[in-house]
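Structural overview
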2 protein chains.
Amino acid sequence: MTVSKAATDKAATDAIKPARSNGKEAVEAAAEGAALQLGELSELLGYSLKRAQLKVFEDFLRCVAPLQLTPAQFSVLLLLDKNPGRNQTEIANTLGILRPNFVAMLDGLESRDLCARMRSANDRRSHILVLTDKGRAVLARAKKLVASKHEARLIELLGPANHTALLEMLSKIAMEF
Amino acid sequence: MTVSKAATDKAATDAIKPARSNGKEAVEAAAEGAALQLGELSELLGYSLKRAQLKVFEDFLRCVAPLQLTPAQFSVLLLLDKNPGRNQTEIANTLGILRPNFVAMLDGLESRDLCARMRSANDRRSHILVLTDKGRAVLARAKKLVASKHEARLIELLGPANHTALLEMLSKIAMEF
DNA sequence: GATATTTGATATAGTGGATAACAATTATCA
DNA sequence: TGATAATTGTTATCCACTATATCAAATATC
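Structural notes, computed from the coordinates. (Residues numbered from 1 in each chain as written. Chains lettered and ligands numbered in written order. Predicted model: local features only at pLDDT ≥ 70, side-chain atom pairs only at ≥ 80, totals over all residues. Heavy atoms only, no water.)

Turning our attention to the interface of chain B and chain A. The extent of an interface is frequently quoted as the accessible surface area lost upon association of the parts. The partner chain A presents 80 residues to the 81 residues of chain B that form the contact. Summed over both sides, the interface between chain B and chain A buries roughly 7400 Å², with carbon and sulfur atoms accounting for 69% of that surface. Taken together, chain B and chain A are joined by four salt bridges. For the salt bridge of B:Glu40 with A:Lys82, the shortest nitrogen-to-oxygen distance reads 3.4 Å. Inspection of the region where chain B meets chain A yields 16 residue pairs in polar contact (both at pLDDT 80 or more). Listed by contribution, the elements that provide at least two residues to the side of chain B that touches chain A are helix H1 (25–31), helix H2 (45–63), helix H3 (71–82), helix H4 (88–95), helix H6 (133–158) and helix H7 (160–176) of chain B. (Contact = heavy atoms within 4.5 Å. Buried area = accessible area lost by both parts, 1.4 Å probe. Salt bridge = Lys/Arg side-chain N within 4 Å of Asp/Glu carboxyl O. Polar contact = N/O pair within 3.5 Å; in protein donor to acceptor, adjacent residues only side chain to side chain. Helix = DSSP H or I, 4+ residues; strand = E, 2+ residues; numbered from the N terminus.)

Here you go:
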C-alpha cells in the first residue's frame, strides 16, 4: 500500500501494448510499454481503502471549494452545531484530533468568524465552543453542497443500496476493528 | 471529517449518563457527561472511510511489525516482485508516489538489502529495480502475516461475502470516482 | 491546605506529500 | 548531423498533518 494523489498520471497515459504471453512475460512486458501488474495489491483492502479515501477527500474539497472548507473543518462545524456547550477537549477527542493540534485549527476557524471560544462560567480553564451566525450560515451552505454534489455523486456511482452497505461496513471497521 | 489515531480515548471513557429529553437537551447534556452526537457525520462516507483506513493501516503495522514493513514499503516489494525490469518512475507512478519522494523510500529499502537499483543497459538514465533474495524472503513472510493475521481478521469481522463486496466498492471508487 | 489532575496552549519533531530545479542521458526533428 | 526538447534520478525545500513533552492557570482530590 502507498497511494497519493499523483498515481496513474503519466504512467497510465503511456502506450499500453497488450503483453504477449510467451516465456519471460513480465520482463518482456517491461521492455515494451505494458501496464504494470498490481498483483496481490488489488486484493489488499488497505490499498483500495487508502486510494478510495484520497479520491473521496479530493472530491469533497472540490465540491465545497467555494466555502473554503476542508473535511476536517467541516466536521468541526458539524459537531459544534450538534453539540453546543462543549469545550475544546471534548470536540477534539470526538474527532480524533489531538488537543495541541486543535488549537491552530480553532484559531483558523475563529479568525474567519465561523466559531468562537467563550470562557466557561463553571470551569474557568475550559473554552466553550460556539458557532457564530456566519458559522451556521456557512455550515448550512456546506451541507447542501456536500449532499447535492459530493454524496450524490457517490450514490450515483455505487447505487443507493450499495452506498448504504458501504457506509455500514466502514463504520463497523472504524468502530469494531 | 477529521480523524487521527487518538479519537475516543479519554472522552469515550467519560461517564455517559443518558441525557434526559427536556427543553435544552444538548446544552443540558453538555452540563452532564453525555457522549457527543455525531449527527450527520455518521452519514458522511468520507468520515467513516478515513477512520476505517486509519484502523486498517494501524492493524497492518501491528501484524507485520516483526518485519518492520510499512504498508507503503510492502506495496513496493509486492510490485517489484510482480514487475521485474521496471524503473523507479514506473513503480512510483503506479503506486501514486511522486518520484522525488520515492528516492528516500528506495534508499531505505536498499540500505536494508531488500531491493537494489541496477543501471539499465538500454537507457543509462534509469535504474532497473530488483528484489534481492532477502527482499523476496521478507516479502514471502510478510504476505503470510498479512493473509493469516491482518486480512483474516477483517474477513472475520465482515464475513467473506461482505469483505469481497467492500473491496469491489472501494476499488470502484478508487478507479472511477 | 498539600498534591494531583485537567485545560488550553506552546514548542518541537516526525512523516507524507508537493513543486522547482539540476545534471546526465536520450529523443526529436529541422 | 547538430540544436533543442524531453526524460530520469536526485536534491532542496515547503506545506500539512500527526505526535510528544511541557507549562501556567484552574480545578479536583483527599
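What follows picks up the thread again.
So, on to the relation of the copies chain B and chain A. Expressed as a screw transformation, the operator carrying chain B onto chain A has a rotation angle of 180 degrees and an axial translation of 0.0 Å, and the superposed copies differ by an RMSD of 0.0 Å. In symmetry terms, the pair is related by a two-fold rotation axis. In terms of proximity to the rotation axis, the leading residue of chain B is B:Leu166, whose C-alpha is 3.2 Å off the axis. Interface overlap between copies is the fraction of interface residues in one copy that are interface residues in the other; for chain B against chain A it reaches 99%, indicating a shared surface. (Least-squares fit on C-alpha atoms with pLDDT ≥ 70 in both.)

As a structural note, the neighbourhood of DNA strand D is formed by 20 residues, with A:Arg124, B:Gln88, B:Thr89, B:Arg117 and B:Arg125 the closest of them. When atoms of DNA strand D within 4 Å of the protein are sorted by moiety, sugar and phosphate together comprise 60%. The contact in question runs from a base oxygen of DNA strand D to an N or O atom on the side chain of B:Arg125, over 2.8 Å. B:His127 is positioned such that a nitrogen or oxygen atom in its backbone is 3.1 Å from a phosphate oxygen of DNA strand D. Per element, the largest residue contribution to the surface near DNA strand D is three residues, and it comes from helix H5 (residues 99–111) of chain B. Of the residues contributing to the surface near DNA strand D, the split by class is five nonpolar, eight polar and seven charged. (Near = heavy atom within 4 Å. Nonpolar A, V, L, I, M, F, W, Y, C, P; charged D, E, K, R; others polar.)

This part covers the pattern of salt bridges. Proximity of charged atoms lets side chains of opposite charge pair with each other. One pass over the full model with this rule turns up 20 salt bridges over all chains. Across the salt bridge formed by A:Glu40 and B:Lys143, the nearest N and O atoms sit 2.8 Å from each other. You can see A:Glu40 sitting in the loop between helix H1 (25–31) and helix H2 (45–63) and its partner B:Lys143 sitting in helix H6, one on each of two chains. On the basis of relative accessibility, which here comes to 30%, the residue A:Glu40 falls in the partly exposed class. You can call B:Lys143 partly exposed: its relative accessible area is 26%. In this structure, A:Asp133 and A:Arg136 form a salt bridge, with 3.1 Å as the shortest nitrogen-oxygen distance. Note that A:Asp133 and A:Arg136 are positioned in helix H6 (residues 133–158) at a spacing of three residues, about one turn of the helix. For A:Asp133, a relative accessible area of 59% puts it in the exposed group. On the accessibility criterion, A:Arg136 (40% relative accessible area) is partly exposed. (Buried < 20%, exposed > 50% of the residue type's maximum accessible area, 1.4 Å probe, protein only.)

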